[in-house]
Amino acid sequence: NLADLMYDNLFFIGASSGLGGNQSGSEKAPFFLKNALKLKLFQEIQPFFHERNHYESIAHFNRELAKAIFAFAKREEFFVTLGGDHSCAIGTWSGVAENYRQQGDIGLLWIDAHMDAHRSSTSKSGNIHGMPLAVLLGFGNKHLVNILSSTPKLKPQNIALVGTRSYEKEEAEFLKQLGVNIYFMENIKQRGLQEVLKEAINHVTASSIGYGISFDLDSLDPSFADAVGTPVPFGLNLEEFLKCFVLFQETPTLAFELVEYNPDLDMKFHSLNVIKRILSCCNTLHKKSITYS
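These numbers come from a predicted model, not from an experiment.

Chemist: Would you take a moment to explain the confidence of the model for the chain for this structure?
Modeler: Detailed reading of the predicted model is not advised wherever pLDDT is low. On average, residues of the chain score 94 in pLDDT, and 96% of them reach the 70 mark or higher. Here strand 2 (residues 41-45) stands out as the element of the chain with the lowest mean pLDDT, 92, in contrast to strand 4 (residues 107-111), whose mean of 99 is the highest.

Chemist: Is there a simple way to think about helix 11 (residues 270-282) in this case?
Modeler: Since the α-helix packs 3.6 residues into each turn, any two residues three or four apart lie on the same face. End to end, helix 11 covers 19 Å across 13 residues, agreeing with the expected 18 Å (1.5 Å per residue, within 8%). Buried within helix 11 are the following residues: Ser-271, Leu-272, Val-274, Ile-275, Lys-276, Ile-278, Leu-279, Cys-281 and Cys-282.

Chemist: It is not clear to me how the pattern of salt bridges should be interpreted in this structure. Could you clarify?
Modeler: Should the charged atoms of two oppositely charged side chains come close, the side chains can pair. Overall, the coordinates contain eight salt bridges when judged by the stated rule. Here Glu-64 ties to Lys-67 by a salt bridge, and the two come within 3.2 Å at their closest N and O atoms. Placement of both Glu-64 and Lys-67 in helix 2 (residues 55-73) is noted, with a separation of three residues, approximately one turn of the helix. For Glu-64, a relative accessible area of 30% puts it in the partly exposed group.

Chemist: Explain the environment of Thr-151 here, please?
Modeler: The topology assignment puts Thr-151 in the loop between helix 5 (142-145) and strand 5 (159-164). On the accessibility criterion, Thr-151 (36% relative accessible area) is partly exposed. Expressed as a C-alpha distance, the spacing of Thr-151 and Thr-253, which sit 102 residues apart in the sequence, is 22 Å. Filtering out sequence-adjacent residues up to four positions away, Thr-151 remains in contact with Glu-98 and Arg-101.

Chemist: What is the right way to read the packing of aromatic side chains from this model?
Modeler: Aromatic ring pairs are described here by two measures, namely the spacing of the ring centres and the angle between the planes. This model, assessed by the stated rule, comprises 15 aromatic pairs. Note on Phe-139 and Phe-174: the rings are 5.1 Å apart at their centroids and 85° apart in plane angle, and the pair reads as edge-to-face. Placement of the pair is Phe-139 in the loop between helix 4 (132-136) and helix 5 and Phe-174 in helix 6 (residues 169-178), with a sequence separation of 35 residues. On the basis of relative accessible area, Phe-139 is assigned to the partly exposed category, the value being 33%. Over the ring of Phe-11 we find Arg-75; its NZ or CZ atom is 4.8 Å from the centre of that ring.

Chemist: Whenever I open this one, the packing of helix 1 (residues 29-37) against helix 11 confuses me. Can you help?
Modeler: Helix-helix packing is characterised by the crossing angle of the two axes and by the distance between the axes. Contact geometry for helix 1 and helix 11: axes closest at 11 Å, N-to-C directions at 75°. Our classification of the angle between helix 1 and helix 11 gives roughly perpendicular. When helix 1 is examined against helix 11, the residues Phe-32, Leu-33, Ala-36 and Leu-37 are found in contact with a partner set consisting of Leu-272, Ile-275, Lys-276 and Leu-279. Here the residues of the contact of helix 1 with helix 11 are counted per class, giving seven nonpolar, no polar and one charged.

Chemist: Looking at this structure, I do not really get the state of the cysteines. What am I missing?
Modeler: Disulfides are covalent bonds that link the sulfur atoms of two cysteine residues. Scanning the model with the defined rule gives zero disulfides in all. No disulfide involves Cys-244; its sulfur sits 10 Å from that of Cys-281, the nearest cysteine. The class of Cys-244 is buried, set by a relative accessible area of 0%. The closest cysteine sulfur to the non-disulfide-bonded Cys-281 is located on Cys-282, 7.3 Å from its own sulfur.

Chemist: I tried to follow the sheet that holds strand 7 (residues 211-216) on my own but got confused; where do I start?
Modeler: Backbone hydrogen bonds are what pair the strands of a sheet, in a parallel or an antiparallel way. Spatially, eight strands are ordered 2-1-3-8-7-4-5-6 in an open sheet, and the strand pairing comes out parallel. For this open sheet the edge positions go to strand 2 and strand 6 (181-184), each flanked by a neighbour on one side alone. When strand polarity is set aside, the average angle formed by the axes of neighbouring strands in this sheet is 15°. Taken together, the four bridges between strand 7 and strand 8 (residues 255-259) define a ladder with parallel strand orientation. Residue Phe-215 lies in a different strand from strand 8, and its bridge partner there is Leu-258.

Conventions and cut-offs
As a convention, each chain's residues are numbered from 1 in the sequence order in which they are written. In keeping with the predicted nature of the model, local features appear solely for residues at pLDDT of at least 70, side-chain atom pairs appear and are counted solely at 80 or more, and the whole-chain, interface and lining totals rest on all residues. Hydrogens and waters are ignored; side-chain quantities use all the structure's heavy atoms. Scored from 0 to 100, pLDDT reflects the predictor's confidence in each residue. Secondary structure elements are defined from DSSP: runs of H or I of at least 4 residues count as helices, runs of E of at least 2 residues count as strands, and each element is numbered from the N terminus. The span you would expect from a helix comes to 1.5 Å times its residue count less one. The rule is simple: take the accessible area with a 1.4 Å probe, protein chains only, and divide by the maximum for that residue type; under 20% is buried, over 50% is exposed, in between is partly exposed. Any Lys or Arg side-chain nitrogen located within 4 Å of an Asp or Glu carboxyl oxygen qualifies as a salt bridge. In this analysis, two residues are considered to be in contact whenever any of their non-hydrogen atoms come within 4.5 Å of each other. Think of it this way: a Phe, Tyr or Trp ring, Trp meaning its six-membered ring, pairs with another when their centres are within 6.5 Å, and the plane angle makes it stacked under 30 degrees, edge-to-face over 60, tilted otherwise. Geometrically, a lysine NZ or arginine CZ counts as sitting over a ring once it is within 6 Å of the ring centre and also within 35 degrees of the ring normal. Here, axes are lines fitted to C-alpha atoms. For helices the fit covers the stretch in contact, and angles between N-to-C directions go from 0 to 180 degrees. Roughly parallel means an angle under 35 degrees; roughly antiparallel, over 145; roughly perpendicular, 65 to 115; everything else is oblique. The nonpolar class holds Ala, Val, Leu, Ile, Met, Phe, Trp, Tyr, Cys and Pro. Asp, Glu, Lys and Arg form the charged class, and all remaining residues, Gly among them, are polar. In this description, a disulfide is simply a cysteine sulfur pair whose atoms lie within 2.5 Å. In this analysis, strands are considered paired if DSSP registers two or more bridges between them.

Structure below.
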C-alpha cells in the first residue's frame, strides 16, 4: 500500500508549475503525490500567470517560491521541494542561497540526465526548464537572475553535475569555461555511483557552508522511472542511488528537490513507487541542517 509510509519528519513545499517545458502534467505532481503518499505539504506555490515558457510568468512563480523557501529556511530544518518542472530550481535554490548568504555560499549536486545550462541565446526549444542552472549561476533572462537579489545564487566551484548524458555543445562549453565539475554517465559506469557521489559531495562542500540536492527523475534509467517529459536511456540505477543516501546522512544536506515527475504518464504507477522509495530515504535526512567549517 502506497500510504503505508508516513513522512512525519519531513517538510514538503509544493512547486506546482509545469510552465517551463512544452508538455503539461508535471504541475500536477505535488498535489498528486500529496494525495497518493499522504504527504503534508507545508506550503504549495502555484503560478499566478499561466503562460508557457514566458519569462515574466516563470519569474513571478519562482519569486513566490523563493520567498516561501527563504522564510522556511530560516528554521534551518531539512525540507523537500516537490516540482513541477526543473525551472522551479530557480526559486528553490534562490531562497536557500539568500537565507544562508551571510554565513557563506551554498553548494549544489545537480543529479540529472541534462545540464539545464542553456541561456535564451543558445536554447533551440526555448524551454525554460533547460535553463535553471545557468540562471542560478547568474546568466540569462534578467527577470530570472534577479530573484531575491541580483547576486548569482551559485558559484561554479560549488556545483557538481551527476548522471549527465543528454546535452548540447553550447551548454557543455559554457560549463567547461566556468570550470563546473561534471560527472557523465560513462564516469559513473566506470567508477560506480557511490564513489562518484562521495567525490562530488567533497567537491561541493569544500568551500560552501552546506549543500543541496536537485534531483531530476529523468536522471534514473527509464526502466525504473519513465513518467518524465524527456526520458533518456542508459541512466542511473535506482538501487545504487538509494544506497547512496547513506552519504547524504554522513554529510547532511540542506534540502532535497525532486522534479519532472508527470503523473499523467505514470500509467502503472511504477514511477510513483520509485518516488515513494526516494522520499522514504529522504525521511532519514530530516535532522537539523549543519554547516561545515
